[in-house]
Amino acid sequence: MRMMLDVTMPHEPFNTLVRQGVVGQKIAAVLEAIKPEAVYFGEHEGQRGCFMVVDLADVSKLPSIAEPLFLAFNATIKFYPVMTPADLQKAGLDAIGKKWA
């Protein structure tokens, strides 16, 4: 199942990692562990954040996605199931609409 992660990283420990010159290494290690399909970094409600898209084969894999972010950055994460246009095409919306019209 494809999931969009809405990740917020508080100023600490991120600021300390920047000052130590290791934040790039930490980010690279986390991304290597998570292997997102896409990731976009930016400001998030006054803090650092990112949006990631991951393809989750099994719900039991949630900790392998969340824990690196929790442990490395003290992150807050929201998970949202999402679909590609092809997934939406397969959803059968026309049949559902006819059934509930």
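Here the structure is shown first, and the text comes after it.
Residues numbered from 1 in each chain as written. Predicted model: local features only at pLDDT ≥ 70, side-chain atom pairs only at ≥ 80, totals over all residues. Heavy atoms only, no water.

Draft legend 1. How the structure looks around the nonpolar core. Membership of the largest hydrophobic core comes to 20 residues, with the highest contact counts inside it found for L5, V7, M9, I34, L69, F73 and I77. Secondary-structure elements contributing two or more residues to this core are β1 (2–9), α1 (11–20), α2 (23–34), β3 (47–55) and α3 (62–73). If you tally residues by element for this core, the top one is α3, at five residues. Setting aside residues no more than four positions away along its own chain, F73 makes contact with M9, P10, P13, F14, L17, V23, K26, I27, V30 and P68. (Core = buried A, V, L, I, M, F, W, Y, C linked by side-chain atoms within 4.5 Å. Buried < 20%, exposed > 50% of the residue type's maximum accessible area, 1.4 Å probe, protein only. Helix = DSSP H or I, 4+ residues; strand = E, 2+ residues; numbered from the N terminus. Contact = heavy atoms within 4.5 Å.)

Draft legend 2. Highlighting the sheet that holds β3. One open sheet holds the four strands; their spatial order is β2-β3-β1-β4, and the pairing between them is antiparallel. Strands at the two margins of the open sheet, each flanked by one partner only, are β2 (38–44) and β4 (76–81). Within this sheet the neighbouring strands show an average axis-to-axis angle of 20°, counted without direction. Two strands pair when backbone bridges link them, and β1 and β4 are joined in this way by six bridges, in the antiparallel orientation. When the sheet's bridge partners are listed, T8 is paired in β4 with T76. (Pairing = 2+ DSSP bridges. Axes fitted to C-alpha atoms, helices over the stretch in contact; angles between N-to-C directions.)

Draft legend 3. Region of the structure containing a nonpolar patch on the surface. Taken together, M83, L88, L93, I96 and W100 make up a surface patch of nonpolar side chains, about 580 Å² in accessible area. Mapped onto the elements, W100 comes out in the segment after α5 (93–99). (Patch = residues over 30% accessible without salt bridge, like charges linked within 9 Å, V, L, I, M, F, W, Y side chains within 5 Å. Areas by Shrake-Rupley, 256 points an atom, 1.4 Å probe, with all protein chains shown as cover. Salt bridge = Lys/Arg side-chain N within 4 Å of Asp/Glu carboxyl O.)

Draft legend 4. Structural detail: the packing of aromatic side chains. Here the structure, examined in full by the defined rule, presents one aromatic pair. Pairing F14 with F73 gives two aromatic rings, centres 5.6 Å apart and planes at 35°, and the pair type is tilted. On the criterion of sequence distance, the pair formed by F14 in helix α1 and F73 in helix α3 is long-range, its members being 59 residues apart. Accessibility assignment for this pair places F14 and F73 in one class, buried. (Phe/Tyr/Trp six-rings, centres within 6.5 Å; stacked < 30°, edge-to-face > 60°.)

Draft legend 5. Structural view of the side chain of T8. Mapped onto the elements of the fold, T8 is located in strand β1. Polar contacts involving the side chain of T8 include one to the side chain of H44, which spans 3.1 Å. (Polar contact = N/O pair within 3.5 Å; in protein donor to acceptor, adjacent residues only side chain to side chain.)

Draft legend 6. Quick look at the packing of α2 against α3. Interaxial distance between α2 and α3 falls to 9 Å at its minimum, and their mutual angle equals 170°. Regarding the angle of α2 to α3, the classification is roughly antiparallel. Contact residues: α2 offers V23, K26, I27, V30, A33 and I34, while α3 offers S64, I65, P68, L69, A72 and F73. Residue composition of the contact of α2 with α3, grouped by class: ten nonpolar, one polar and one charged. (Parallel < 35°, antiparallel > 145°, perpendicular 65-115°, else oblique. Nonpolar A, V, L, I, M, F, W, Y, C, P; charged D, E, K, R; others polar.)

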